[in-house]
Amino acid sequence: MSGRARVRARGIARSPSAVEMGRPQSSQWPPSVDPSNNEALSNRGFVGTSGISQQCSDSTEKGVNSSLEQVMPPFGLVASSDSIEGQRSSQSSGKASHYKDNISSDDAGCTFMERGGKIRRDLMDLGVCTREKLTHVRDCKTGSSGIPVKLVTNLFSLDLPQDWQLYQYHVTYTPNLESRRMRIALLYSHRELSNKAKAFDGVILFLSQKLEEKVTELSSETQRGETVKMTIALTRELPASSPVCVQVFSIIFRKILKKLSMYQIGRNFYKPSEPVEIPQHNLSLWPGFTISVSQFESRLLFSADVSYKILRNETVLEFMTGLCHQTGMSGFTQTCEKQLIGFIVLTRYNNKTYRIDDIDWSVKPTHTFQKRDGTEITYVDYYKQQYDITVSDLNQPMLVSLLKSKRNDNAEARMAHLIPELCFLTGLSSRVTSDFQLMKVVAEEMRLSPLGRQQRLARLADDIHRNKDARFELETWGLHFGCQMSLTGRVVPSEKILMQDHICQPASAADWSKDMRTWKILSTQSLNKWLIICSDRAENVTENFLSCLRRVGNSMGFNVDCPKIIKVQETPAAFLSAIQKHFDPAVQLVMCILPSNQQNYYDSIKKYLSSDCPVPSQCVLVRTLNKQGMMMSVATKIAMQMTCKLGGELWAVEIPLKSLMVVGIDVCKDAFNKGMAVVGFVASINPRITRWFSRCILQKTTTDVADCLKVFMIGALNKWYKHNHGLPARVIVYRDGVGDGQLKTLVEYEVPQLLSSVTEASSNVSSKLSVIVVRKKCMPRFFTEVNRTVQNPPLGTVVDSEATRPECYDFYLISQAACRGTVNPTYYNVIYDDNGLKPDHMQRLTFKLCHLYYNWPGLISIPAPCQYAHKLTFLVAQSIHKEPSLELANSLFYL
Amino acid sequence: MEQNNKECSSSVGGFQVPIKRIIQFSPPLYRQRYNFVKNLVDQHKPKKVADLGCGNALLIQTLKCHSCIELLVGVDINKDKIGSQRCGLSPFFGDYLSPRELNLSIILYHGSAVERDSRLLGFDLITCIELVEHLEPRDLADFPQVVFGYLSPAMIVISTPNSEFNPLFPAVTLRDSDHKFEWNRKQFQTWASDVANLYNYSVEFTGVGEPPAGAGNVGYCTQIGVFRKIGAKATESCIAGQHDEYVYKMVYSISYPSLQQKEVRKYALVNEVSRQVQCLRRGYVISLKILQDDASERLSDSGLITFSGPVFTELEKTNIEKSPKPFSFGNKFYVPLERLFAYPKVNRLCDNVDTMRALIADTMKLNRDGSAVKVDLHDE
């Protein structure tokens, strides 16, 4: 069976963690619109949005972008509002090792986790206690400045009796029973246990009430009259704070949500009976929740957030037909495989999800397969007999999915053939995400105002309280599901923006572009020698734009001389050869006026000008320049980007710490080669934090753990030394792009790299280091109550109690505005801290750094160095696919 | 149906019990019984089906995919058991994405097969799979009167163990500890024929679970009687005269989305129409391109792979070709509703062009006189 071999080979090549295969998967990404994300005016909506499907793990905001939205407020600013469920599956997030021994009973060969799947990756991070090593925050990690604000959360208290314990038992059967179903049925039906709250996987039994004896012998009779002896032996007694309990609580809540007639897909629960239909785009959105139970600062909390599952009312066959019409038969099979492989499908006749691993073009529905009992049957007959389904297209190929046995990780993967006509696609393909209209509709539907979100949460809580079965389940476990938790946060003081000869207090910290118009930027280089490449058709537009650019440049203090304008044909090759022909080392910048947002224009130009022939470049779409009445704001935005690319500084904020270097690190996957990770490293090289040193590397790896930090860090320290004649007293590193379950590796592997580079850099007093993990995706949400309704909290809201974790030095910060939708707080976890800054100072410094992203005159959701690192890795991962030249390292060439 | 001699698991009532037995049925005997009912459903297309003694409702789960069924009812006296497998009865994801043509409700009642409940009147098929042998003599005596006399469905299926088969099992007197008796073929057939005569039914005997070769003439392991009401289906008319008697306690009820529900049909239609429109639009855009580009470049190189897309019958093809063609005007692309109506998948969802227009009007853009769907010719 060569097809099979092929599948296997591919499967392995594609996924380094073979254990993952066949497991129904889905991952999240927010459909957010981030102003700062795309090169402002090149309007690469296509590139930007297709990124959604390719990058899941750290879900940096890629969004629905149009040139208009990129230039103008109030774009989006929805900063990660709602999570869309269901995306091309990826092995991206956290390469968890599956630690099986976490919860094992002594003699059982089989553990609870092994049977139930794997320990959840996010739970793995819970065991990483970094706070205990940080003496200055051991007792108190809360700040003090700012105005207190009362916040409502999406967290619900879960109360347990004081002395509550979970009892773990090991169950053996004599004679031994193989069937897990049978084991469970026999145990559950026993009188002794029937009224007790229990969770049982066939081997390990959890009870909330202790049995009288340490070892209990029970016997049950099968329906055949055979007697089976069950020995139930106590193995452990666990306090409520144990991670095992958290896992058991999750199981309980999963049961409860099922009782509320929700369906589990992946890890979340959805209500298909209340769909939001978008029939004109063949989409169905199922509302639902993502839930979790975990130990927060002082107590156990249940958290829930609204989530949507995107389903397409389109069978795979219909999708293929559409594709066939579009591309024609030439290259159809390849296109089809490229588009479909990796997607999760739902089958019509059961509630299962499968990942498409291959397409077998040689098998047809009229072919036969062997049923489990050994008889041969055609697919057509099988579906007719089994499900009363008539397969209409007898010529369709078969989708192949590798199934993984749940019980035994070593078993060879089995294959399932699925009929395209009977499979529905979930998630959005790149073709769909590039459809701006569609994405707008989807985002519109999924975006929930704080009030809307709050209402959904209240309804969920209400449903749990009212449902008899749910209540019964909770009661038998001794759990009390409480009400929505409120806590007090603080709004830290707003920041002043320092311009040349002026300090301005912006009217809105979310957007100070208006203030920018009247004041000069901090420093620029004048642009004397530069090229503009455009097509013949764009000549007039270009001239108009140029005069506009010079005007706005002038008021900013950015002197723009006349460029050399080169007119070329409308092909990527023509643009590229024009650049090659007219380039000379004195050219400071190349601007390309692109006729379309076809990716190959942008990619080929960026690739050439970032590494082969390093010079800052600026791509702009003709369409953007044609926008009526927008020319001034477009030109302003471009002028600012060009200034940065030439090494200029736009604005600053007051940084009380002298001699502080801040660093941002981000990691993402290469778009073409999933085996490659792109690591971006951006460090400030002046005390004012306005100039940056940016490095990027492609590393062959299966993890998102950066490997080359030492080289980068030493490079950055050298740069700092050159500019400041000394080493920075403090270095604070913000690390983004961390997958679930990687915290431990980060602490053990990345922190030492950074630490050794700062110590080695100096013979006497070395710089003090802090490392902070930044997460844009976190469970808690915060709302403020205003006039009987709820709203997003004000900018600069810090939460450092109750919703935090006891074992971490952590806090939440809301630094971005969300005009529509609900704001997502950013979670900061200080995993290493030599600097010993007061928590208050750490929080405020972080807030200050969120003001410094030069692609957006306003606050953003993460510290600027992280956003720069992200922008850099994104450019490399999507377009360049190799390391940019070192010559560009001193400018923000990737904006 | 084959047997193997080895240690194996066999099932009773869907409950897997591994026991050393000489005979194994493949598929398992309970499956064979369910398949028997399934085949009957396929043949006779009943609309309303009830299963008395449904246990964990596995038979109902098996039957729910049949498109002809509109009401499925399960009754059992064991309350714990009825509830145990409920999640298998709720609609699948697919039932939401591709709704059934006809309504379907599934209801489970807690109650006894020998109690009268008027909600079970007027059924097309009532099954009593491995039920009668669990009845106490008094209940067994009442049973015909309730099921045949009162409920009086068009068809009844009764299955019960055949005791003649039992000697083939090692040391088994009764197959289940709850069995009150097990009949041989003669006993069952006599009982069944008497009942059939009394209530004006015809009966045919058959079974599932063939004995192994050389076992002699012991008959099927499970014997089955299929009863059919003689004369017209007069059930509907007599319901009206009956008093409502609600004895059973409803423990579960679910109704499936179906095209009979207006909103569901509307979404299904808009879905189908927009898919068809997009498909035609893409085809149109490509045909324009080909005219410009010179078609020679687009020759197929596929060779081995055949992928045809939707298959139409000759009649459907002519219907489509006869209908008015899509056209473009300016940057807009128009597909006449007549054209859309000619496509079988659209046609299935609406009776005529007017109902189609009414259903899609508030979600899709139409041209001024409402005769065609209007979309942008090019993306963006």
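As recorded in an unreviewed UniProt entry, chain B goes by Small RNA 2'-O-methyltransferase and comes from Rhinolophus ferrumequinum. Chain B has a UniProt comment under Sequence similarities (unreviewed entry) that states "Belongs to the methyltransferase superfamily. HEN1 family." The UniProt entry for chain B carries the following text under Cofactor (unreviewed entry): "Mg(2+)".

An unreviewed UniProt entry lists chain A under the name Piwi like RNA-mediated silencing 4, with Rhinolophus ferrumequinum as the source organism. The Subcellular location (unreviewed entry) comment attached to chain A in UniProt states, word for word, "Cytoplasm". Under the heading Sequence similarities (unreviewed entry), UniProt records this for chain A: "Belongs to the argonaute family. Piwi subfamily."

Caption draft 1: Highlighting the overall build of chain A. Per the secondary structure count, chain A includes 25 helices and 37 strands. Here chain A, with 895 residues, has 63% of them falling under the buried criterion. By sequence separation, contacts in chain A at least 24 residues apart represent 74% of the contacts at least 6 residues apart.

Caption draft 2: Structural view of the overall build of chain B. A tally of regular secondary structure across chain B gives 12 helices and 13 strands. Burial status across chain B gives 49% buried among its 380 residues. For chain B, the share of sequence-separated contacts (at least 6 apart) that also reach a separation of at least 24 residues comes to 71%. For chain B, the accessible surface area stands at approximately 18,300 Å², while carbon and sulfur atoms represent 52% of it.

Caption draft 3: Representation of the packing of helix α9 (residues 316-327) of chain A against helix α10 (residues 332-340) of chain A. Residue and element names in this part refer to chain A. For the pair α9 and α10, the least separation of the axes is 10 Å and the interaxial angle reads 135°. Taken together, the axis directions place α9 and α10 in an arrangement best described as oblique. For α9 against α10, the interelement crossing comes out right-handed. Between α9 and α10, the contacting residues are V316, F319, M320, L323, C324 and T327 on the first element and F332, T335, C336, Q339 and L340 on the second. Classifying every residue of the contact of α9 with α10 gives eight nonpolar, three polar and no charged.

Caption draft 4: How the structure looks around the side chain of H881(A). Residue and element names in this part refer to chain A. Relative to the helices and strands, H881 resides in the segment after α25 (864-880). Here the side chain of H881 touches A877 through a polar contact of 3.3 Å, landing on its backbone oxygen. Side-chain polar atoms of H881 contact the backbone oxygen of Q878, separated by 3.2 Å. Not counting residues within four places of it along the chain, the set of residues in contact with H881 comprises D670, A671, F672, L698 and V876.

Caption draft 5: Highlighting the nonpolar core. In this structure, W530(A), M591(A), W651(A) and Y868(A) are the most contacted members of the largest nonpolar core, which totals 113 residues. Setting aside chain neighbours within four positions, we find W530(A) in contact with L546(A), L549(A), V560(A), D561(A), C562(A), P563(A), K564(A), V587(A), L589(A), M591(A) and M642(A).

Caption draft 6: Structural view of the domain arrangement of chain A. Once the domains are mapped, chain A shows domain 1 (165-236), domain 2 (524-646) and domain 3 (657-778 + 830-888). Spacing between the C-alpha centres of domain 1 of chain A and domain 2 of chain A amounts to 73 Å.

Caption draft 7: Fine view of a positive patch on the surface. On the surface, K468(A), R471(A), K79(B) and K249(B) cluster together into a patch of positive charge. When you line up the elements, K249(B) lands in strand β10 (residues 249-255). Looking at K249(B), the relative accessible area reads 46%, which means it is partly exposed.

Caption draft 8: Spatial organisation of the packing of aromatic side chains. All chains considered together, the criterion is met by 43 aromatic pairs over all chains. Their ring planes at 50° and their centres at 5.1 Å tell us that Y853(A) and Y868(A) sit as a pair that is tilted. One end of the pair, Y853(A), is in the loop between α24 (839-849) and α25; the other, Y868(A), is in helix α25, and 15 residues separate them in sequence. Note on accessibility: Y853(A) and Y868(A) belong to one class, buried. Here the aromatic rings of W183(B) and W191(B) are separated by 5.3 Å at their centres, their planes lie at 40°, and the arrangement is tilted. Through pairs of rings, three or more aromatic residues link up here, namely Y349(A), F369(A), Y379(A), Y382(A), Y383(A) and Y387(A).

Caption draft 9: Quick peek at the sheet that holds strand β18 (residues 398-403) of chain A. Residues and elements named next belong to chain A. Read from one edge of the open sheet, three strands run β15-β18-β19, paired in antiparallel fashion. A strand with exactly one partner marks an edge of an open sheet, and here the two such strands are β15 (358-360) and β19 (414-418). Strand after strand, the sheet turns through a mean of 40° between neighbouring axes, direction not considered. Sheet analysis places β15 next to β18, joined by three bridges and oriented antiparallel.

Caption draft 10: Local environment of unusual backbone geometry. All names here are of chain A. Residue T174 is joined to P175 through a cis peptide bond whose omega torsion reads -10°. For P175, the location among the structural elements is in the loop between β3 (165-174) and α6 (180-188). Of note, the phi angle at D501 is positive, near 55°, even though the residue is not glycine. By the element assignment, D501 lies in the loop between β22 (497-499) and β23 (502-504).

Caption draft 11: Spatial organisation of the domain arrangement of chain B. Under the domain assignment, chain B is made up of domain 1 (29-256) and domain 2 (262-292 + 303-376). In this structure, domain 1 of chain B and domain 2 of chain B have C-alpha centres spaced 46 Å apart.

Caption draft 12: Structural detail: the pattern of salt bridges. Residue and element names in this part refer to chain A. Within the structure shown, the criterion is met by 45 salt bridges over all chains. Here K141 makes a salt bridge to D810, at a shortest N to O gap of 2.6 Å. With a gap of 669 residues between them, K141 in the loop between α5 (121-124) and β2 (147-159) and D810 in strand β36 (residues 809-814) connect regions that are remote in the sequence. A relative accessible area of 3% places K141 in the buried class. Since its relative accessible area comes to 0%, D810 is described here as buried. One salt bridge connects D584 with K529, and the closest N-O pair in it is separated by 3.2 Å. Note that D584 is positioned in the loop between α18 (572-582) and β26 (589-594) and K529 in the loop between α16 (513-518) and β24 (530-535), a separation of 55 residues in sequence.

Caption draft 13: Spatial organisation of the sheet that holds β26(A). Residues and elements named next belong to chain A. Here four strands make up an open sheet; going across it, the order is β25-β24-β26-β27 and the pairing parallel. The strands lining the two open edges of the sheet, one partner per strand, are β25 (564-568) and β27 (617-621). Here the strands of the sheet are splayed against their neighbours by 20° on average, with no regard to which way each runs. Two elements, β24 and β25, share five bridges in a ladder whose sense is parallel. Across the sheet, residue S535 finds its bridge partner in β25, namely V568. Along the sheet, helix α21 (residues 631-645) makes contact with β24, β26 and β27, crossing β27 at roughly 160°.

Caption draft 14: Structural detail: the side chain of T153(A). Mapped onto the fold, T153(A) is located in strand β2. Within the structure, T153(A) has its side chain in polar contact with the backbone oxygen of M485(A) (distance 2.7 Å).

Caption draft 15: Region of interest: empty space enclosed by the protein. All names here are of chain A. According to the stated counting rule, one finds five cavities of 30 Å³ or more in the structure shown. C644, G647, G648, T690, R691, W692, Y854, N890, S891 and L892 are the residues that line the second largest cavity. Residues belonging to the lining of the second largest cavity are distributed by class as follows: four nonpolar, five polar and one charged.

Caption draft 16: Focus on the environment of L474(A). Tracing the sequence through the fold places L474(A) in helix α15 (residues 468-477). Setting aside residues no more than four positions away along its own chain, L474(A) makes contact with F253(A), I256(A), I464(A), L479(A) and F481(A).

Caption draft 17: Region of interest: the packing of helix α19 (residues 599-612) of chain A against α25(A). Residue and element names in this part refer to chain A. Following both chains from N to C, one finds α19 and α25 inclined at 115°, their axes separated by 9 Å at the closest point. By crossing handedness, the relation of α19 to α25 is classed as left-handed. Facing α19, whose interface residues are Q599, Y602, D603, K606, K607 and S610, α25 presents L875, Q878, S879 and I880. Each residue belonging to the contact of α19 with α25 can be placed in one class, and the counts come to three nonpolar, four polar and three charged.

The rules we used
- Residues numbered from 1 in each chain as written.
- Chains lettered and ligands numbered in written order.
- Predicted model: local features only at pLDDT ≥ 70, side-chain atom pairs only at ≥ 80, totals over all residues.
- Heavy atoms only, no water.
- UniProt positions renumbered as here; feature names shortened; annotations may be inferred.
- Helix = DSSP H or I, 4+ residues; strand = E, 2+ residues; numbered from the N terminus.
- Buried < 20%, exposed > 50% of the residue type's maximum accessible area, 1.4 Å probe, protein only.
- Contact = heavy atoms within 4.5 Å.
- Areas by Shrake-Rupley, 256 points an atom, 1.4 Å probe, with all protein chains shown as cover.
- Axes fitted to C-alpha atoms, helices over the stretch in contact; angles between N-to-C directions.
- Parallel < 35°, antiparallel > 145°, perpendicular 65-115°, else oblique.
- Left-handed = near helix turned anticlockwise from the far one by under 90°.
- Nonpolar A, V, L, I, M, F, W, Y, C, P; charged D, E, K, R; others polar.
- Polar contact = N/O pair within 3.5 Å; in protein donor to acceptor, adjacent residues only side chain to side chain.
- Core = buried A, V, L, I, M, F, W, Y, C linked by side-chain atoms within 4.5 Å.
- Domains from an automatic or database assignment.
- Patch = residues over 30% accessible without salt bridge, like charges linked within 9 Å, V, L, I, M, F, W, Y side chains within 5 Å.
- Salt bridge = Lys/Arg side-chain N within 4 Å of Asp/Glu carboxyl O.
- Lys, Arg positive; Asp, Glu negative; His and termini not counted.
- Charge placed at Lys NZ, Arg CZ, Asp CG, Glu CD.
- Phe/Tyr/Trp six-rings, centres within 6.5 Å; stacked < 30°, edge-to-face > 60°.
- Pairing = 2+ DSSP bridges.
- 1 Å grid on protein atoms, 1.4 Å probe; cavity = no way out; pocket = protein on both sides within 12 Å on 5 of 7 lines; lining within 4 Å.
- Points joined across faces, edges and corners; volume = space filled by probe spheres on them.

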